[in-house]
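Descriptive structure summary
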Amino acid sequence: MNRISRRGFIASTTALAGLGFAGIPAFAQGEALPPLEDRLPENPLVITPTDRPGQQGGTWNHALVGGGSLSMLVRYQGYEPLLRFTPDWTGIEPNVAESYEVNDDSTVYTFHLRKGHKWSDGHPFTTEDIRFSYEDIFQDPDAPSGSGQGYWQAGGEVGKLEVVDETTFRVVFAEPNGFFAQSIAWANQDRLTKAPAHYLKQFHLRYNPQANELAKERGYESWVALFAREHGLDEDNIHYQNSTRPTLNAWKFTSAPGEDTERAIAERNPYYHKVDTEGTQLPYFDRVVYQMVSDPEVLLLKSLQGEVDMMDQYIATPANKPVIYEGQDKGNYHLFTLKESAANVMVFQLNLNHVDEVKRDLYNTRAFREALSHAINRQDLIDAVFVGQGKPAQPSILEGDPLYNEQLATQHIEYDAELANELLDGIVPERDSDGYRLDPAGRRLTIVFEIDQVRSTFIDMFELAIPMFQAVGIDAQIRTMDRSLWETRVRNGREFDATAHQFGANSGIAAMLDPRYFVPFNNNSIYAPGWALYFSAPDNPNAIEPPQEIKDQQDRYRTLLSSGNPEDQMATMAEILQAAADQFLVFGVSLPPDGYGIVKNDMVNTMPVMPNSFGWPTPGPSRPEQFFKE
C-alpha cells in the first residue's frame, strides 16, 4: 500500500485529459454532492491494483442464497476494519485507520484515523464514533452488546479506551494482548467501524429522551430493542437489513436484503476513502446487485448461465466440479483455486449445553462421542461426496504444520461398528423393540442433527452417516432449515440436539485466532454456546459455567492471547491442542482438499489463488473495491 496526500491526489486527477476529477461517479455528479476534494480524507488510502488500474462503472452481479445467508456479505462488501489482512495473508496493514503503533509489551495500542474521513452520508468519521461504539454499545450496561468481542479482554479485564483527540485513540490493557491487532483484522470482529454515532444516537435514551416513544411507534417494547435492531451488531442478518444506516464500506445498500424479495442493491459510497495509483476514487463498480435465490441448485444454474460474476460458496462442491468445468465456455467464466484453511470438511457437534439434563449428561460423556465417531465410515463419505479427495481426520491441524498434533488428528477415526456398539453397550445398553437404544430416562435415543439447508455437501454426507448411526442403535435424524432459522435455533439456541458445520482453522496463526473446535470461546463454538459465552461475558444470564477442565482450557487461551512473543504463542497453542485432543469435544470427517470458485472472464483484478477462510473472509482481503469489468 502507498499513501498519497489529498493535495497530491487532486493534482494527479486534475491532469487527467480534461475529465475533471476521476473519482466522481457518473451517476452522482449532481448538485447534492460536494466536490471530490471535500469527500476524500486528507490522506486517502492508495490501492495498487492486483493487475492494472481500471475505470469506474458497471455492475457486479452477485447472489445470496436463502433468507439467512447475510453473514456472507462481510466477504463481498463488509470487510472494512481498522486494520485488514494483506491479500497474501502474510500480515496486517492499516485500512480504515491511517496508522497504528503497539508498545513493547503489547499493552497499549495507539490508532490514528484519517483526518477528513467521512461516512457515506458525508458526516465526519472521528474518535467520537469510536467512543460511542465502545461506551454506548460494547460497554453500556443498559444495552450491552459484546458478542464476539472476547479479544478485547486481557488479564480478565476489558481494555480501556482513551480518546486523545479527534483522530487519535488508544486501547490500554491491564496485561499484554498480543493478538489484538490480528483480531481486529479477523473477518467482521471489528465493530469500531460499523457504528455511526450521529445516526445511532437518535435511538439511544442517553441522547434522545424520547427514544422509548420512538421505539413504541416502530413496534418495539423499548429503546433497547430498537437500538439493537438499528446497529445490528449482534447478528449479521439484522446488521445488513438496514439501508438507512450510514457506512464506511465501498458500497451502501439502497435496497437492503429483505426490503425486496428478488434482489438487494448496494451503490457506490461517494465518500469512500480509497483511490488507485492513478488517482481514481474506488470502488470501480457503480453497484453490486445480489439476486436472492432460493437454494444452491438455483444458484448453480444461474452461475452456469453466466448470471453471477464470482462465486464459490454453496456451489463449488466436488460433485459439481465436472459440470462447472464443462460449462466454462457457455457461461463465459473460468475457475480460480481456493487454498483450504478449514479444520475439517464437516464437524459433528452434539449440544453439550442442552437444556434436557439427560441428553446433556449423555452428550458430555466422552465414550459416547467416541462411539459415534467410530460408527462413521469416513472413507465412504470421502469417496461419495468428495470424489475420493481427502483423508479421514478429526478437526485438527494440517500435517507438516509446526502445531500438528497426531492424537488430535487421528484418534477415533477408524470405522469400527463393533467397537461403537461395545462402547454404547456400556452407556445405554437397553433397546426398544425396533432395536434403537433407550436413554437413561427410558426414551428412544434420538439425535436430531439440525442443518443449514444450503450446505449441500453436509446433506450428502448425512445421507450416508444417518444409517451408520442407526446401525449401532442411535435413532439419528436430520432436519434441514433455512439459514435464518438455523441461526436462531442452533447458533443462538439451547434446545437443539446436534448440528454440523465447518470452518475453524487448520494451521498457524489462523488456528490461534479461530480455535472454535479446540476451545469454546465465541458463538462459532456451537457445541457449547453457554460455555463460550462464559468465556466472553461470564455475567451474561445465558452464560453457563463450564467444568474445570474447560475453564482451564479457556484460561490457556487467555494466556495465548495475552502473549506477544511468537515462541510463547506456539508453546501455549500446543498445550491447547493437546488438551483438545484429550477432551475430544467434537468429531469430523476429513481435512479439506483445495477448493475452487468461478469468476467471469471479463472480471479484472481478481486473484487466481486465494485462501479459503471466514477469518480471511474470502474474497474480502483481495480488495473487491478494485474489481472491474473490461
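Now for a description of the structure that goes with this document.

Parameters at a glance
Residues numbered from 1 in each chain as written. Predicted model: local features only at pLDDT ≥ 70, side-chain atom pairs only at ≥ 80, totals over all residues. Heavy atoms only, no water. Helix = DSSP H or I, 4+ residues; strand = E, 2+ residues; numbered from the N terminus. Rg over C-alpha atoms; globule rule 2.2 N^0.38 Å. Buried < 20%, exposed > 50% of the residue type's maximum accessible area, 1.4 Å probe, protein only. Contact = heavy atoms within 4.5 Å. Areas by Shrake-Rupley, 256 points an atom, 1.4 Å probe, with all protein chains shown as cover. Lys, Arg positive; Asp, Glu negative; His and termini not counted. Charge placed at Lys NZ, Arg CZ, Asp CG, Glu CD. Pairing = 2+ DSSP bridges. Axes fitted to C-alpha atoms, helices over the stretch in contact; angles between N-to-C directions.

Here the focus is the overall build of the chain. Per the secondary structure count, the chain includes 22 helices and 28 strands. Computed over C-alpha atoms, the radius of gyration of the chain comes to 25 Å, within 12% of the 25 Å expected from 2.2 N^0.38 for 630 residues, which places it in the range of a compact globule. Taken over the C-alpha atoms alone, the chain extends approximately 85 × 60 × 55 Å along its principal axes. By residue count, 58% of the 630 residues in the chain fall in the buried class. Residue pairs in contact within the chain that sit at least 24 positions apart in sequence constitute 70% of those at least 6 positions apart. As presented, the chain carries roughly 23500 Å² of accessible surface, and 48% of it is formed by carbon and sulfur atoms. Both charge centroids of the chain, one from 53 positive and one from 88 negative side chains, sit 4 Å from each other.

This brings us to the pairing of strand β13 (residues 263-268). Sheet topology note: the strand β12 (residues 251-255)/β13 ladder contains four bridges and is antiparallel. Within β13, the position partnered with Lys252 by the bridge is Glu267. The pairing of β13 with strand β15 (residues 287-293) spans five bridges and is antiparallel. The residue bridging Ile265 from the neighbouring strand is Val289, located in β15.

Right, let's talk about the sheet that holds β15 for a bit. Taken in spatial order, the four strands line up as β3-β15-β13-β12 in an open sheet, and their pairing is mixed. On the outer flanks of this sheet lie β3 (59-65) and β12, each paired with one strand and no other. Going across the sheet, the axis of each strand differs from the next one's by a mean of 30°, ignoring polarity. In this structure, β3 lies alongside β15, joined through seven bridges in parallel fashion. Following the sheet pairing, Trp60 is matched in β15 by Val288. This element, helix α9 (residues 296-304), spans β3 and β15 of the sheet and lies at about 135° to β15.

Okay, the sheet that holds strand β22 (residues 498-501) next. As summarised here, the arrangement of the five strands in space is β21-β20-β22-β18-β23, forming an open sheet in which the pairing is mixed. In the strand order of this sheet, the two ends are held by β21 (475-481) and β23 (587-588), each with one partner.

Coordinates in, geometry out; function isn't part of it.
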